[in-house]
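Residue-level listing of the chains:
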Amino acid sequence: MSEGRTGAGAGSSAPTVLRMILGRRLQERRLGAGASFDDAARALRVTPLTVRRMEKAEVSLKPLYVEKLLETYGADRQEIDEFVAMAERANEPGWWHPYRDVLPSWFSAYVSLEAGARTLRTYEPHYVTGLLQTPAYARAVLRGGFPNDTEEDLQRRVELRLRRQSLLEGPDAPTLWVVMEETVLHRAVGGPEVMREQIERLLEVSELDHVSVDVVPFAAGAHVGACAPFTYFRFAEPELPDVVYSEILSAAMYLDQRSDVVDHLEAHNRMSLLTSDADSRALLNRMRKEYS
């Protein structure tokens, strides 16, 4: 995935994880064959920029283009058929496609990355992360973020958020490590009853082997991560680099440059050392009582 900002108009080119894998493999086959961007472009009768964008998963991958490229690179028929089949699967809409009317264009790539990751690390200074939100909490957060939504649109946003949570279920669930600020627990989203239910949910999921919930207390003072929320993704597929996602009000940044990723990973590690599992649970239990 290219480093940079995905703005409001970029949803149509948001890559799926499978398209990213295919792009990386096409790049490896081109380099292995000693072919340049110009060589590949001539074979397809397109510009070198188009080939570059295909390898970076910035555009959809046409099966006919994939087949022609593999022929140019000297691949055998079996490998070509495998690549073409992968291209066809990569172009299939994700499960979230029916929600595209209420899914911000700059967030569609996030949902794909989330669905394909083996490890997720997230830092949240404002709200409980979406994967751990209760329905009532999610509704209150989304109502605040989209105040002009109709009730129908709001309900669809809530459904989308809750469907995302299914990835934490089952034997193949990814590892989720959440670091949040104590501020999150004091922000009375939806009122005391909603907050109490939400904190009970956090206590429940923190008992799962593949979920960790760390709460950085006010007493920790200033620290390296006191900034915007971010999520770090790591994948099982060796072709895919680690990716960091961070957002502002109406856009997002997807970073895969090694230095950027390492900076965010180190920040997450440092913040997790500001608390402990026992201290986090004690704080969660204390706040649950305050909302009773």
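Further up the page is the structure itself.
Here the structure is a predicted model, which is why all the values come from computation and not from measurement.

### Some thoughts on the overall build of the protein
Along the protein, the regular secondary structure elements total 12 helices and seven strands. Relative to its length of 292 residues, the protein is compact, with a C-alpha radius of gyration of 21 Å against a globular reference of 19 Å. Taken over the C-alpha atoms alone, the protein extends approximately 70 × 40 × 35 Å along its principal axes. When each of the 292 residues of the protein is scored for burial, the buried share is 47%. Counting only contacts in the protein whose residues sit at least 6 apart along the sequence, the fraction spanning at least 24 positions is 73%. Total accessible area on the protein stands at roughly 14200 Å², and carbon and sulfur atoms take up 50% of it. Of the charged side chains in the protein, 35 are positive and 44 negative; the average position of the first set lies 3 Å away from that of the second.

### Topic: the packing of helix H10 (residues 192–205) against helix H12 (residues 277–290)
Interhelical geometry of H10 versus H12 gives an angle of 155 degrees and a closest axis separation of 9 Å. Our classification of the angle between H10 and H12 gives roughly antiparallel. Here the hand of the crossing between H10 and H12 comes out left-handed. In contact with Arg196, Ile199, Glu200, Leu202 and Leu203 of H10, H12 contributes Arg281, Leu284, Asn285, Met287 and Arg288. A per-class count over the contact of H10 with H12 returns five nonpolar, one polar and four charged.

### Comments concerning the environment of Asp76
Inspection of the secondary structure assignment puts Asp76 in the loop between helix H4 (63–72) and helix H5 (77–90). Spatially, the C-alpha atom of Asp76 lies 44 Å from that of Val211, the residues being 135 residues apart in sequence. A distance of 3.3 Å separates the side chain of Asp76 from the backbone nitrogen of Gln78, its partner in a polar contact.

### What about the pattern of salt bridges?
Counted according to the given criterion, the structure contains 18 salt bridges. With a shortest N-O distance of 2.6 Å, Glu239 and Arg25 are connected by a salt bridge. Separated by 214 residues along the polypeptide, Glu239 in the loop between strand E5 (230–234) and strand E6 (243–247) and Arg25 in helix H1 (residues 17–32) bring together distant segments of the chain. Owing to a relative accessible area of 27%, Arg25 belongs among the partly exposed residues under this scheme. Across the salt bridge formed by Glu204 and Arg201, the nearest N and O atoms sit 4.0 Å from each other. Here Glu204 pairs with Arg201, and both are found in helix H10, just three residues apart, close to one helical turn.

What counts, and where the lines are drawn
- Residues numbered from 1 in each chain as written.
- Predicted model: local features only at pLDDT ≥ 70, side-chain atom pairs only at ≥ 80, totals over all residues.
- Heavy atoms only, no water.
- Helix = DSSP H or I, 4+ residues; strand = E, 2+ residues; numbered from the N terminus.
- Rg over C-alpha atoms; globule rule 2.2 N^0.38 Å.
- Buried < 20%, exposed > 50% of the residue type's maximum accessible area, 1.4 Å probe, protein only.
- Contact = heavy atoms within 4.5 Å.
- Areas by Shrake-Rupley, 256 points an atom, 1.4 Å probe, with all protein chains shown as cover.
- Lys, Arg positive; Asp, Glu negative; His and termini not counted.
- Charge placed at Lys NZ, Arg CZ, Asp CG, Glu CD.
- Axes fitted to C-alpha atoms, helices over the stretch in contact; angles between N-to-C directions.
- Parallel < 35°, antiparallel > 145°, perpendicular 65-115°, else oblique.
- Left-handed = near helix turned anticlockwise from the far one by under 90°.
- Nonpolar A, V, L, I, M, F, W, Y, C, P; charged D, E, K, R; others polar.
- Polar contact = N/O pair within 3.5 Å; in protein donor to acceptor, adjacent residues only side chain to side chain.
- Salt bridge = Lys/Arg side-chain N within 4 Å of Asp/Glu carboxyl O.

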